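Secondary and tertiary structure notes
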Amino acid sequence: MMHANTIIILKQKNMKHKILRLLLCSFMATAAMSSCSDSEYDFENLFPKEYHSIVAIADEESDSITFYDPTDNIDFSVNVIKGGSDPGIVAKAHLEPIPQDRLTAIDPGYVALPDSCYTLQGNSLTFDGEQAKQSIRVAFSMEKLYRFVTAYRQAGVTFVVGLGLVSENATVYSSKSRILRAVSYIEPGILTNAINPSVQ
């Protein structure tokens, strides 16, 4: 069994090694920056071009929306953020509906809501300079949505608003590039009976 003093010494040695490694990494990074500043390369050359400007969806990828009446307001916003090694780059981005074949590949039960059921408000984003966040509003046409959902719903089918982020001049962060919103309608009578089976 090791004595307490031996344990303390070993911990101190491990800490010294960690500090030395940290200092070495810091020194190497500083040296690299200095050598580049004295050469034909500028700061943006330290990073691959695809990292200069990056856009991504800030929201959770999957969520569900339920409405109980055709007059309900279930609109939602998709928040898009911009980053990258060069924040001064002007980036453009927008959302596009995910095709049915791609939705089926994600989940065989997913059925895309037709784009006649909703509109994308402010779906042409331009990030100027230091601007880091903007939103696109998904506004539903509730009458059309209600008619579609009640006409085509069946067991095993999930109606989905699937939207993918697209940019013409920035890199789209692949793991934060889409949103999936499952939309369902519950009739008030069904909800009442589920809560209180004695109500007919």
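Heads up: the structure comes first, above all this text.
Residues numbered from 1 in each chain as written. Predicted model: local features only at pLDDT ≥ 70, side-chain atom pairs only at ≥ 80, totals over all residues. Heavy atoms only, no water.

Relative to the assigned elements, S167 resides in the loop between β9 (158-166) and β10 (171-172). On the basis of relative accessible area, S167 is assigned to the buried category, the value being 17%. Within the structure, the side chain of S167 is placed 2.5 Å from the backbone oxygen of K92, a separation counted as a polar contact. Separated by 3.0 Å, the side chain of S167 and the backbone nitrogen of A170 make a polar contact. Leaving out residues up to four positions away in the same chain, S167 has contacts with V55, K92, A93 and V172. (Helix = DSSP H or I, 4+ residues; strand = E, 2+ residues; numbered from the N terminus. Buried < 20%, exposed > 50% of the residue type's maximum accessible area, 1.4 Å probe, protein only. Polar contact = N/O pair within 3.5 Å; in protein donor to acceptor, adjacent residues only side chain to side chain. Contact = heavy atoms within 4.5 Å.)

Quick look at the nonpolar core now. Ranked by internal contacts, the top residues of the largest apolar core, which has 31 residues, are L113, F140, L145 and V183. When sequence neighbours within four positions are dropped, the list of residues in contact with L113 reads Y118, F140, L145, F148, V149, F159, V160, V161 and V183. By size, the runner-up hydrophobic cluster in this structure holds five residues, among which are I98, Y110, V160 and L180. (Core = buried A, V, L, I, M, F, W, Y, C linked by side-chain atoms within 4.5 Å.)

Any aromatic ring pair is given by two values, namely how distant the centres are and how the planes are angled relative to each other. Taken as a whole, this structure holds six aromatic pairs when the rule is applied. Residues F76 and F140 carry aromatic rings whose centres are separated by 6.2 Å and whose planes lie at 45° to one another, so their mutual orientation is tilted. One end of the pair, F76, is in strand β3 (residues 76-83); the other, F140, is in strand β8 (residues 133-140), and 64 residues separate them in sequence. The burial state of F76 is the same as that of F140; both residues are buried. Aromatic pair Y118 and F140: ring centres 6.4 Å apart, planes at 65°, arrangement edge-to-face. (Phe/Tyr/Trp six-rings, centres within 6.5 Å; stacked < 30°, edge-to-face > 60°.)

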